[in-house]
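# Examining the three-dimensional arrangement
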Amino acid sequence: HQQTPRAVMYMEEHIIMQDSEIVERIQKLLRLSKDAAATPAEAALAASKAQELLTRYHIDLSRAQSSTLHTPHSPITENSYEVLDESWRPVLFAIVGRAMFCKPYKKSSSGKYIYVGRIIDIEAAYTLYQWIERQLEFIAYKNFLLYTHIEENRVGNKKVWYESFYLGAVNAVKTKLQEAQNDPSVRQVMVSVTQEISVYLARNGVNLTKGTAAKVRDRDAYDRGIVAGKSVQVKESPKALTGGGQK
């Protein structure tokens, strides 16, 4: 039984209406991610959710921003950021960037850290990086107090303890982010974007070399970091945090 032209037309209108609703939702999330009144947690969550919808429904940023159909894919670009040169922060910067379809690297001439990718992915990656960074600082501070004051353990080198704890926590975050990439559609998008980024880097004469791995010097602190890092929220709406952290 063939559908009448009227029925076909109705189905097309219904599909377009659903598509428009998705684009509208993405636009709202993008506005929230840049809203000065939003908390870092809200901004990070909004950016992450927008990127998730863009990937799931194969909608590119230019289309979402203009709310028109059949626009070209967002071009590959890059943004530079100031990241403290501690052992764990650059590692976290790289892990989050890769999870959000970006290529991270450090520019030797300026010492700045770079994300290469689509602008929506870059912005979502850095917002998420900042939110996870704040969570880790709070978690490390809380666990150090627990380790030294409640459990009354002695720490030979406070800096080494913190660095090792952070590296363990970052490793746990890496595992959580990798689990989110198991969806076949996500892997498909990642392969496509990775190819575009490779072309961009080659065209701009960027030759990347492999960096050195951070060393763990306090195994107990590292193991504690892995356990604590499992509580870091990378997608769900986080609760407000209070307290200080080790910079």
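Since the structure is predicted, the reported quantities are computational estimates derived from the model, not experimental observations.

Once that is clear, we can look at the overall build of the protein. Per the secondary structure count, the protein includes eight helices and three strands. Across the protein, helices and strands are ordered from the amino to the carboxyl terminus as α-α-α-β-α-β-β-α-α-α-α. Sorting the 247 residues of the protein into buried and exposed places 41% on the buried side. Of the contacts formed within the protein by residues at least 6 apart in sequence, a portion of 73% connects residues at least 24 apart. Of the roughly 14700 Å² that the protein leaves accessible, carbon and sulfur atoms contribute 52%.

What follows deals with the packing of aromatic side chains. Counted under the stated rule, the structure contains 14 aromatic pairs. Here the aromatic residues Trp 88, Phe 144, Tyr 147, Trp 161, Tyr 162, Phe 165 and Tyr 166 are joined through ring pairs into a cluster of three or more.

There is about 1300 Å³ of room inside the largest pocket. Around the largest pocket, the lining is made up of 36 residues, and of these Pro 90, Val 91, Ala 94, Arg 98 and Gly 211 lie nearest the centre. At the level of secondary structure, the elements contributing two or more residues to the lining of the largest pocket comprise α4 (88–99), β2 (103–106) and α6 (158–179). With seven residues, α4 is the single largest residue contributor to the lining of the largest pocket. Its residues assigned to classes, the lining of the largest pocket comprises 19 nonpolar, nine polar and eight charged.

Attention shifts here to helix α8 (residues 219–229). Within α8 the residues assigned to the buried category are Ala 221, Tyr 222, Gly 225, Ala 228 and Gly 229. Looking straight down α8, one finds its buried side chains confined to an arc of 125°; they lie on one side. Of the exposed residues in α8, the ones pointing more than 90 degrees away from its buried face are Arg 219 and Val 227. At its buried positions, α8 is contacted by α5 (119–150) and α6. The N-terminus of α8 is capped by Asp 218, whose side-chain oxygen sits 3.2 Å from the backbone nitrogen of Asp 220.

Attention shifts here to the environment of Val 173. Looking at the secondary structure, you find Val 173 in helix α6. C-alpha of Val 173 to C-alpha of Ser 231: the two residues are 58 residues apart in sequence and 8.8 Å apart in space. Sequence-distant contacts of Val 173, that is, excluding residues within four places in its chain, are made with Leu 92, Ile 132, Gly 229, Val 232 and Val 234.

The rules behind each value
Here the residue numbers are simple positions, counted from 1 along each chain's written sequence. Where local features are concerned, this predicted model is filtered to residues with pLDDT of at least 70; where side-chain atom pairs are given and counted, the filter is 80 or more; whole-chain, interface and lining totals use all residues. As a rule here, side-chain values come from all non-hydrogen atoms in the structure, and water together with hydrogens is ignored. The numbering of helices and of strands both runs from the N terminus, where a helix is a DSSP run of H or I of at least 4 residues and a strand a run of E of at least 2. The rule is simple: take the accessible area with a 1.4 Å probe, protein chains only, and divide by the maximum for that residue type; under 20% is buried, over 50% is exposed, in between is partly exposed. Residue contacts follow a heavy-atom distance rule, with two residues in contact if any of their heavy atoms lie within 4.5 Å. Every accessible area reported is derived by Shrake-Rupley at a probe size of 1.4 Å, with residue values counting cover from the shown protein chains alone. Working definition: a ring pair exists when centres of Phe, Tyr or Trp rings (six-membered ring for Trp) sit within 6.5 Å. Plane angles under 30 degrees give stacked, over 60 give edge-to-face, the rest tilted. Grid spacing is 1 Å over the protein atoms alone, the probe is 1.4 Å, and a cavity is where that probe fits but cannot get out, while a pocket is an open set with protein on both sides within 12 Å along at least five of seven lines and lining residues have an atom within 4 Å of a point. Grid points are joined across faces, edges and corners, and a volume is the space filled by probe spheres set on the points. Side-chain classes follow a simple rule in which Ala, Val, Leu, Ile, Met, Phe, Trp, Tyr, Cys and Pro form the nonpolar group, Asp, Glu, Lys and Arg form the charged group, and the remainder, Gly included, forms the polar group. As used here, the arc belongs to the directions running from the helix axis to the C-beta atoms. Whenever a nitrogen or oxygen atom comes within 3.5 Å of another N or O atom, the pair is scored as a polar contact, on the condition that within protein one atom can donate a hydrogen and the other can accept it, and that pairs from neighbouring residues in sequence are kept only if both atoms are in side chains.

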